[in-house]
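# Summary of the model geometry
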Amino acid sequence: MEKKLRSQQWFGKKGKDGFIYRAWMKNQGIPDDEFRGKPVIGICNTWSELTPCNAHFRELAESVKRGILQAGGLPVEFPVMSLGETLIKPTAMLYRNLVSMDVEESIRANPIDGVVLMCGCDKTTPSLVMGACSVNIPAIVVSGGAMLTGKYEGRDIGTSDIWRFSENVRSGIMTEEELNLAEAGMCRSRGHCAVMGTASSMACMVESLGLSLPENAAIPAADSNRKVLAQFSGRRIVEMVKEDLKPSDILTREAFENAIKINAVIGGSTNFVIHLLAIAGRVGVDLHISDFDRYSRNLPLLANLQPSGEYFMEDLYYSGGLPAVMKEIETRLNTGCIAVNGRTIGENLHKAKVLNRKVIATLEDPFKLDSGVAVLKGNLCEGGIIKPSAADPRLMQHTGKAVVFENIEDYKIRIDDPELDIDENSIMVLKNVGPKGYPGMPEVGNMGLPKKLLDKGVTDMIRISDGRMSGTGFGTVVLHISPEAAENGTIALVKDGDLIALDVPNRTLNLLVDDEELSKRRAALVKQPEVFKRGYAKLYVQHVEQANLGADFDFLKGSSGSEVLRDSH
Ligand code: FES
């Protein structure tokens, strides 16, 4: 027997209540029969001109609508707060949890039977998925797709080049005029960043979890197949409502393991760790930071994509897309997991094949041996992460003297001071950029090197912080140190000149200072005054968890379901 549609708790009512629920909707020109038992499909749209990566979403939503109508559903589009990575201050991550609340409450409060999540720029994916999971009605993700590859002076460029350009300008290799030309060629079409940064990693994450149709991750925003996929997704969500296929049916522990393995072989973003942990928390899957190391160890890097490699997202699509990558590691995946199309991951891979070996390598002859994220432990952290594929192999085991910056402003003031006591063997330590300390954990962990070392030709150094790094960033960068400095983690105790030992093969990160001295320093820590006295930032600082737990709010973990018990009419 088919389950009664949730939307009928509104539109199926008689008398005054039903009148009110339907009558105002009819001002949009919707005929009465649309309210009499059709699945109502919400299109949760993060369109905004302030989120350029999602600026094409109104048009894309039209394709979703067409699919919903074809399958006999009633589409209703609604906005939620949109997080554009490039403009939002102080950092979009501060608002990820807020958006997840917006999404959760918007879905639950409205007469919606299923929802299409329109995701693009980095945080718009995890926030929508987190919110939808906490309601747990049928949901499907439609990603916006990556931009076409950027062009500058006849060569391909992408977001990762910004860091190189910036260092080149600082060291005088590039002029401001040349930088302007590169700026004009960087973002030459609709879509999100064209490298395997966080947005692309998130699009791959939803596809590997089974939350989107196959091929969703890599179709470029400008390719007409993106609209076709949106239309198919619109058709499919109507069927999912009839089948009552919910996120909790798809997001099993095995699905999360698949996502970790796939993120490893594609060289996905370090931000993947924090967002996947938060999503697992919403669906009650017991995922631990150590699982990221466990499931990505022994998997090599297969995708030759920037920032770890050479190519761009459109190259991935025309080489077979994410299914082709997944096919290469099919024997390592939990192929029995169900995806939104109702088929298993294994069934979805039947026709997948690699079309270009320069972009997608084989397990036997991989692009690089190192992949994924290494999770570090030691007296400096309970959890810290590094992306070995984007780091300098020579620095994987290294002991050096700490050069400490108390916060990002301190770093900006002193980094180019010729008197700064630093050389290429030093280890740069940045404090107070964690979830509570900044607050919001900005992407500043891959701090630029001192100009005097750039001038000497130094291109990489170990950098350690309690912050994050852009998914497009690279370097020997240890991130997400937990507990963070603002929680009196050991990172708060590091002083200039202390020796720090990084040992990635053995997964350790230690401050070589004896326990007695550390106890003294801990006792001398001064409690920081409360900076945020009101508003969302106060709520955030009070309730955000540490990075190794996913930086969700403590009170948002889990699901409240879709029931609304009270009704004010
Ligand atoms: Fe939106 Fe990179 S700025 S994805």
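## Some words on the layout of surface pockets
- Considered as a void within the structure, the second largest pocket measures approximately 910 Å³ in volume.
- Lining the second largest pocket are 31 residues, and of these Asn432, Gly437, Ala486, Gln528 and Pro529 sit closest to its centre.
- Partitioning the lining of the second largest pocket into residue classes produces 15 nonpolar, 6 polar and 10 charged.

## Quick look at empty space enclosed by the protein
- All chains considered together, the criterion is met by 3 cavities of 30 Å³ or more.
- Taken as a whole, the largest cavity encloses approximately 80 Å³ of empty space.
- Lining the largest cavity are Glu207, Gly210, Ser212, Pro214, Pro323, Met326, Ala339, Ile345, Asn348 and Leu349.
- When residues of the lining of the largest cavity are traced back to their parent elements, those giving at least two are α15 (321-328) and α16 (345-348).

## Thoughts on unusual backbone geometry
- Along the chain, Tyr438 connects to Pro439 via a cis peptide bond; the corresponding omega equals -5 degrees.
- Tracing the chain through its elements places Pro439 in the loop between β10 (427-430) and α18 (451-455).
- Residues other than glycine seldom take positive phi values, yet Glu153 does so here, at roughly 50 degrees.
- With respect to the helices and strands, Glu153 occurs in the loop between β5 (150-152) and β6 (155-157).
- Non-glycine residue Met441 carries a positive phi angle of around 55 degrees.
- Residue placement: Met441 occurs in the loop between β10 and α18.
- For Met441, a relative accessible area of 0% gives the class buried.

## Describing the environment of Ser319
- Its place among the elements puts Ser319 in the loop between α14 (313-318) and α15.
- Expressed as a C-alpha distance, the spacing of Ser319 and Asn356, which sit 37 residues apart in the sequence, is 4.9 Å.
- The contacts of Ser319, once residues within four sequence positions are left out, are Ala324, Lys353, Val354, Leu355, Asn356, Val359 and Ile360.
- Among the polar contacts made by the side chain of Ser319, one reaches the main-chain carbonyl oxygen of Asp315 at a distance of 2.6 Å.

Scoring rules and cut-offs
Residues numbered from 1 in each chain as written. Predicted model: local features only at pLDDT ≥ 70, side-chain atom pairs only at ≥ 80, totals over all residues. Heavy atoms only, no water. 1 Å grid on protein atoms, 1.4 Å probe; cavity = no way out; pocket = protein on both sides within 12 Å on 5 of 7 lines; lining within 4 Å. Points joined across faces, edges and corners; volume = space filled by probe spheres on them. Nonpolar A, V, L, I, M, F, W, Y, C, P; charged D, E, K, R; others polar. Helix = DSSP H or I, 4+ residues; strand = E, 2+ residues; numbered from the N terminus. Buried < 20%, exposed > 50% of the residue type's maximum accessible area, 1.4 Å probe, protein only. Contact = heavy atoms within 4.5 Å. Polar contact = N/O pair within 3.5 Å; in protein donor to acceptor, adjacent residues only side chain to side chain.

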